[in-house]
Amino acid sequence: MRLEDRVIVVTGGAGTIGRQVCLLLADEGASVAVTDVSADPLEELLEELRKSQGAAWGRPADVTSLEDFSAFASQTRRELGPIDALVNVAGSFAIVDFVDSDPDQWEAMLSANLLTAMVGCRVVLPEMLEAGAGSIVNFASTAGEYGSIRPSAAYAAAKAGVIGFTKSLAREVSPRGVRVNAISPGPIDTPALQAQSEEQRAVAASRTLLGRMGTPRDIAQGVAYLASDESSFVTGTVLQVNGGSLL
Ligand SMILES: NC(=O)c1ccc[n+]([C@@H]2O[C@H](COP(=O)([O-])OP(=O)(O)OC[C@H]3O[C@@H](n4cnc5c(N)ncnc54)[C@H](O)[C@@H]3O)[C@@H](O)[C@H]2O)c1
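What counts, and at which threshold
Along every chain, residues carry numbers that run from 1 in the direction the sequence is written. Totals for whole chains, interfaces and linings use every residue, but because this is a predicted model, local features are given only for residues with pLDDT of at least 70 and side-chain atom pairs only at 80 or more, for both listing and counting. Calculation of side-chain values draws on the structure's entire complement of heavy atoms; hydrogens and water are dropped beforehand. Note on geometry: axes are C-alpha line fits, over the in-contact stretch for helices, and angles between N-to-C directions span 0 to 180 degrees. The secondary structure listing takes helices from DSSP runs of H or I that are at least 4 residues long and strands from runs of E that are at least 2 residues long, numbered from the N terminus. Any angle from 65 to 115 degrees is called roughly perpendicular, while one under 35 is roughly parallel, one over 145 is roughly antiparallel, and all others are oblique. By convention the crossing between two helices is left-handed if the near helix lies anticlockwise of the far one by an angle smaller than a right angle, and right-handed if it lies clockwise. Residue contacts follow a heavy-atom distance rule, with two residues in contact if any of their heavy atoms lie within 4.5 Å. Amino acid classes used here: Ala, Val, Leu, Ile, Met, Phe, Trp, Tyr, Cys and Pro are nonpolar; Asp, Glu, Lys and Arg are charged; the rest, including Gly, are polar. A patch consists of residues whose relative accessible area exceeds 30% and which take part in no salt bridge; residues with like charges are grouped when within 9 Å of each other, and nonpolar side chains (Val, Leu, Ile, Met, Phe, Trp, Tyr) when within 5 Å. Under the convention used here, a 1.4 Å probe and the Shrake-Rupley method define accessible areas, while residue burial counts only the protein chains that appear. Salt bridges are defined as contacts in which a side-chain nitrogen from Lys or Arg sits within 4 Å of a carboxyl oxygen from Asp or Glu. Proximity is defined per residue: if any heavy atom of the residue lies within 4 Å of a molecule or strand, that residue is considered near it. A 3.5 Å cut-off defines polar contacts: any pair of N or O atoms within that distance qualifies, except that in protein one atom must be a possible hydrogen donor and the other a possible acceptor, and neighbouring residues in sequence count only when both atoms are side-chain atoms. A pocket here means an open set of points on a 1 Å grid, computed over the protein atoms alone, that has protein on both sides within 12 Å along at least five of seven lines. A cavity is instead a set of points where a 1.4 Å probe fits but cannot get out; residues with an atom within 4 Å of a point line either one. Should more than half of a molecule's atoms lie within 2 Å of a pocket's or cavity's grid points, that molecule is taken to sit in it. Accessible area is worked out with a 1.4 Å probe on protein chains only. A residue is then buried under 20% of its type maximum, exposed over 50%, and partly exposed in between. Grid points are joined across faces, edges and corners, and a volume is the space filled by probe spheres set on the points.

A short note on the packing of helix 4 (residues 103–131) against helix 6 (residues 153–173)
Helix 6 packs onto helix 4 with a crossing angle of 15° between their chain directions and a minimal axis gap of 8 Å. When the interaxial angle is binned, helix 4 and helix 6 end up roughly parallel. In the crossing of helix 4 with helix 6, the sense of the turn from one axis to the other is right-handed. Taken together, the residues of helix 6 that come into contact with helix 4 (itself represented by Gln-105, Trp-106, Met-109, Leu-110, Asn-113, Leu-114, Ala-117, Met-118, Cys-121, Leu-125 and Leu-129) are Ala-153, Ala-154, Tyr-155, Ala-157, Ala-158, Lys-159, Gly-161, Val-162, Phe-165, Leu-169 and Val-173. Partitioning the contact of helix 4 with helix 6 into residue classes produces 18 nonpolar, 3 polar and 1 charged.

Brief notes about the packing of helix 1 (residues 16–27) against helix 2 (residues 39–49)
The geometry of helix 1 relative to helix 2 is characterised by a closest axis approach of 10 Å and an angle of 20° between their N-to-C directions. Here helix 1 is positioned roughly parallel relative to helix 2, judged by the angle of their axes. Relative to helix 2, the crossing made by helix 1 is right-handed. Here Arg-19, Cys-22, Leu-23 and Ala-26 of helix 1 come into contact with helix 2, specifically with Leu-45, Glu-48 and Leu-49. Residues that form the contact of helix 1 with helix 2 fall into these classes: 5 nonpolar, no polar and 2 charged.

Some points on a nonpolar patch on the surface
A surface patch of nonpolar side chains, about 420 Å² in accessible area, is lined by Leu-209, Leu-210 and Leu-247. Positionally, Leu-209 belongs in the loop between helix 8 (198–206) and helix 9 (216–227).

Some remarks on the site of the ligand
Residues in contact with the ligand amount to 25 residues; listed here are only the nearest, Ile-17, Asp-36, Val-89, Tyr-155 and Thr-190. Interatomic distance of 3.4 Å between a backbone N/O atom of Val-37 and a nitrogen atom of the ligand. Lys-159 is positioned with one of its side-chain polar atoms (N or O) 3.0 Å from an oxygen atom of the ligand. Burial of the ligand by the protein amounts to 83% of the accessible area it has alone, namely 820 Å². Because more than half of its atoms lie within 2 Å of the grid, the ligand is assigned to the largest pocket. Put simply, the parts of the chain that give the shell around the ligand at least two residues each are helix 1, helix 4 and helix 6. Classifying every residue of the shell around the ligand gives 12 nonpolar, 10 polar and 3 charged.

What about the pattern of salt bridges?
When the charged atoms of two side chains with opposite charge come close together, those side chains can pair. Counting across every chain of the model gives 8 salt bridges. Taking the shortest distance from any N to any O, the salt bridge between Arg-2 and Glu-28 comes out at 3.3 Å. With Arg-2 in the segment before strand 1 (7–11) and Glu-28 in the loop between helix 1 and strand 2 (31–35), this pair connects stretches of sequence that are 26 residues apart. Among the salt bridges present, the one from Asp-229 reaches Arg-6, with a minimum N-O distance of 2.8 Å. Of this pair, Asp-229 sits in the loop between helix 9 and strand 7 (238–241) while Arg-6 sits in the segment before strand 1; the two residues are 223 residues apart in sequence, bridging distant segments of the chain. Take Asp-229: its relative accessible area is 49%, and that puts it in the partly exposed class. A single salt-bridge network, built from bridges that share partners, covers Arg-2, Glu-28 and Glu-230.

Structural notes on unusual backbone geometry
Backbone geometry places Asp-5, a non-glycine residue, at a positive phi of 70°. Positionally, Asp-5 belongs in the segment before strand 1.

So, the layout of surface pockets
Volume-wise, the largest pocket comes out at about 1,200 Å³. Taken together, 46 residues form the lining of the largest pocket, with Ile-17, Phe-93, Tyr-155, Thr-190 and Ala-192 sitting closest to its centre. Mapped onto the lining of the largest pocket, the elements with two or more residues apiece are helix 1, helix 4, helix 5 (142–146), helix 6, helix 7 (191–194) and helix 8. Counted by class, the lining of the largest pocket contains 23 nonpolar, 18 polar and 5 charged residues. Considered as a void within the structure, the second largest pocket measures approximately 280 Å³ in volume. Those elements giving two or more residues to the lining of the second largest pocket turn out to be helix 4 and strand 5 (134–139). Looking at the lining of the second largest pocket, the element that brings in the most residues is helix 4, giving 3 residues.

Read these as spatial facts, not as claims about activity.
This is the structure:
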């Protein structure tokens, strides 16, 4: 129950990893406010969350829209109280050969992966700065650290942007009590990887020192650490949860 009495907002919570993040945070006692653009999986998740320890509420919102997400955050404060932590899971991945890509495709990738992090932070930070406390967890990727193995340059550029953004924002706001970190998942057993051939999956697993792909729960554990006081001296960092695949 290391997150008892905490109000935590999770964006992109209805996706594969976001779902496990929400369930673990709720198991640890947090009150979870969850949003996603995908309405049906969000409703299913909320039903499950309501059976857990903490309070939970949510509704669809588009986190690329400052107006939409501001309204969501205001409603969260009314439903659950002041926001203690924000977890920006929202993102999107696409395989596109660079020579087939165009500015619209780049804009969509940057929007889903980088603008969502910006909007999330922009909306919750004034309240956190006033309180002199708060924890923000952005979602990067190994693709943003050392380039994408599959052709997805726009995704890698967006995730590299998330890392630069996270470190810069930490420099700006951590002296006023708000911690800002990123988590960088390696290959995780999610539909994006399940769509690959058996051989490609084996190669992905063999690139890790631990010889397996990660699970959404592995990522959720990292998020819970960064959101909790266990990481009270940690800011501006990128927590690599990748089975050692970057060594
Ligand atoms: N799956 C992996 O192996 C892996 C590896 C590295 C990083 N990541 C990152 O982890 C995060 C979660 O990945 P996942 O595999 O669970 O993906 P996912 O597609 O299952 O989940 C992402 C969720 O974000 C939501 N979303 C997208 N744009 C949104 C917006 N504008 N507003 C609100 N919600 C929005 C989607 O509807 C979806 O439910 C992503 O940021 C992804 O880039 C995943």
